Amino acid sequence: EDQVTQSPEALRLQEGESSSLNCSYTVSGLRGLFWYRQDPGKGPEFLFTLYSAGEEKEKERLKATLTKKESFLHITAPKPEDSATYLCAVTNYGQNFVFGPGTRLSVLP
Amino acid sequence: DAGITQSPRHKVTETGTPVTLRCHQTENHRYMYWYRQDPGHGLRLIHYSYGVKDTDKGEVSDGYSVSRSKTEDFLLTLESATSSQTSVYFCAIYDRDKNIQYFGAGTRLSVL
């Protein structure tokens, strides 16, 4: 059975304090690992797709990396507007996704 | 937002009443999904559709039914709402060309 876990459950950072969020997964034949951002009261917003170990994607202060068992979302010098819940998901044959419970990030000014 | 509209955005109902949530898309995607999101559980798949009149169950389908009579509309029905169905419901579409799921804004349902 495909599974996704995320840690930590919640993270509080000071503005400018870099850190990483973890997504651990088990899937039979990875066809994509996805990161989403979700703001309160809104739907998840797509950030990145990663396909193979060693791959990296960047967007502003965020960088996602992938190994055979984990993905990390690195946040460099975060700002308060980076506060959100970050969701990780995997798919093994394209159209059905399995989501992790998310990491709730708070960046304090 | 990939042209996904959910309605209503908020609903309060009583136990035992039927409830229908609507998801409308403007981009003709074949796959559509209904998820519920609860604290500590993340997004859980209720039902999905892979074409008009083609649907299948997800991991938490008990108490829910779906219908898709047109490509653009995917309806989720709670046949007799219970308090355990109080949740936030999200509709999603799958863009096969990009291999990405896009989500609607959600419907917050309270069953009293």
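Residues numbered from 1 in each chain as written. Chains lettered and ligands numbered in written order. Predicted model: local features only at pLDDT ≥ 70, side-chain atom pairs only at ≥ 80, totals over all residues. Heavy atoms only, no water.

Colleague: Could you give an account of the overall build of chain A, with specific residues and numbers?
Modeller: The number of helices and strands found in chain A is zero helices and 11 strands. Each helix and strand of chain A, placed in order from N terminus to C terminus, yields the pattern β-β-β-β-β-β-β-β-β-β-β. A compact globule built from 109 residues should have a C-alpha radius of gyration of about 13 Å, and chain A, at 13 Å, falls within 12% of that. Burial status across chain A gives 45% buried among its 109 residues. By sequence separation, contacts in chain A at least 24 residues apart represent 54% of the contacts at least 6 residues apart. As displayed, chain A has an accessible area near 5300 Å², and 47% of this comes from carbon and sulfur atoms. (Helix = DSSP H or I, 4+ residues; strand = E, 2+ residues; numbered from the N terminus. Rg over C-alpha atoms; globule rule 2.2 N^0.38 Å. Buried < 20%, exposed > 50% of the residue type's maximum accessible area, 1.4 Å probe, protein only. Contact = heavy atoms within 4.5 Å. Areas by Shrake-Rupley, 256 points an atom, 1.4 Å probe, with all protein chains shown as cover.)

Colleague: If you had to explain the state of the cysteines to someone new, which residues and values would you point to?
Modeller: Residue and element names in this part refer to chain B. Counted under the stated rule, the structure contains two disulfides over all chains. A sulfur-sulfur distance of 1.8 Å marks the disulfide that ties Cys-23 to Cys-91. Residues Cys-23 and Cys-91 are joined by a disulfide whose S-S torsion is about -70°; by sign, that bridge is left-handed. One end of the pair, Cys-23, is in strand E3 (residues 19-25); the other, Cys-91, is in strand E9 (residues 87-95), with 68 residues separating them in the sequence. Comparing Cys-23 with Cys-91 shows no difference in burial state: the two are buried. (Disulfide = S-S within 2.5 Å.)

Colleague: Residues and numbers for the interface of chain A and chain B, please.
Modeller: With 20 residues of chain A in contact, the opposing surface of chain B contributes 19 residues. It is A:Gln95, A:Phe97 and A:Phe99 that lose the most area in chain A upon contact with chain B, and together they represent 32% of the buried surface on that side. At the boundary of chain A and chain B, one finds zero salt bridges. Taken together, the links from chain A to chain B amount to four residue pairs in polar contact (both at pLDDT 80 or more). Among the elements of the structure, strand E4 (32-38), strand E5 (45-50), strand E9 (84-91) and strand E10 (97-99) of chain A are those that each provide at least two residues to the side of chain A that touches chain B. Looking at which element gives the most residues to the side of chain A that touches chain B, the answer is E4(A), with three residues. Looking at side-chain class alone, the side of chain A that touches chain B contains nine nonpolar, nine polar and two charged residues. (Buried area = accessible area lost by both parts, 1.4 Å probe. Salt bridge = Lys/Arg side-chain N within 4 Å of Asp/Glu carboxyl O. Polar contact = N/O pair within 3.5 Å; in protein donor to acceptor, adjacent residues only side chain to side chain. Nonpolar A, V, L, I, M, F, W, Y, C, P; charged D, E, K, R; others polar.)

Colleague: Explain the pairing of strand E7 (residues 64-70) of chain B residue by residue, including any values.
Modeller: Every other side chain in a regular strand lies on the same face of the sheet, so the side chains alternate between the two faces. Residue and element names in this part refer to chain B. Where E7 lies against strand E8 (residues 73-78), five bridges are found, and the strand directions are antiparallel. By the bridge assignment, Ser-65 is partnered in E8 with Thr-77. Count of turn residues in the E7/E8 antiparallel hairpin: two residues. (Pairing = 2+ DSSP bridges.)

Colleague: Explain the nonpolar core residue by residue, including any values.
Modeller: In summary, soluble globular proteins display a tendency toward joint burial of nonpolar side chains. Residues A:Leu33, A:Trp35, A:Leu73 and A:Tyr86 are the most contacted members of the largest nonpolar core, which totals 23 residues. Going through the elements one at a time, strand E2 (10-14), strand E3 (19-26), E4, E5, strand E7 (62-66), strand E8 (70-75), E9 and strand E11 (103-108) of chain A are the ones with two or more residues in this core. The next biggest cluster of nonpolar side chains, apart from the first, holds 19 residues, and it includes B:Cys23, B:Met32, B:Phe74 and B:Leu78. (Core = buried A, V, L, I, M, F, W, Y, C linked by side-chain atoms within 4.5 Å.)

Colleague: Quick rundown of the sheet that holds E8(A)? Include the residues and the values.
Modeller: All names here are of chain A. Sheet architecture is open: five strands sit in the order E1-E3-E8-E7-E6, paired in antiparallel fashion. Each edge of the open sheet is held by one strand with a lone partner, namely strand E1 (3-7) and strand E6 (56-59). Recorded for the sheet is a direction-independent mean angle of 15° between the axes of neighbouring strands. Here five bridges tie E7 to E8, and the two strands are oriented antiparallel to one another. Paired with Thr-65 across the bridge in E8 is Phe-72. (Axes fitted to C-alpha atoms, helices over the stretch in contact; angles between N-to-C directions.)

Colleague: Got a sec to walk through the pattern of salt bridges? Specific residues and values, please.
Modeller: Residue and element names in this part refer to chain B. Enumeration over the complete set of coordinates arrives at eight salt bridges over all chains. For Arg-22, the salt bridge goes to Asp-73, with nearest N and O atoms at 3.1 Å. Highlighted residues: Arg-22 in strand E3 and Asp-73 in strand E8, separated in sequence by 51 residues.

Taken by themselves, the reported measurements are silent on function.
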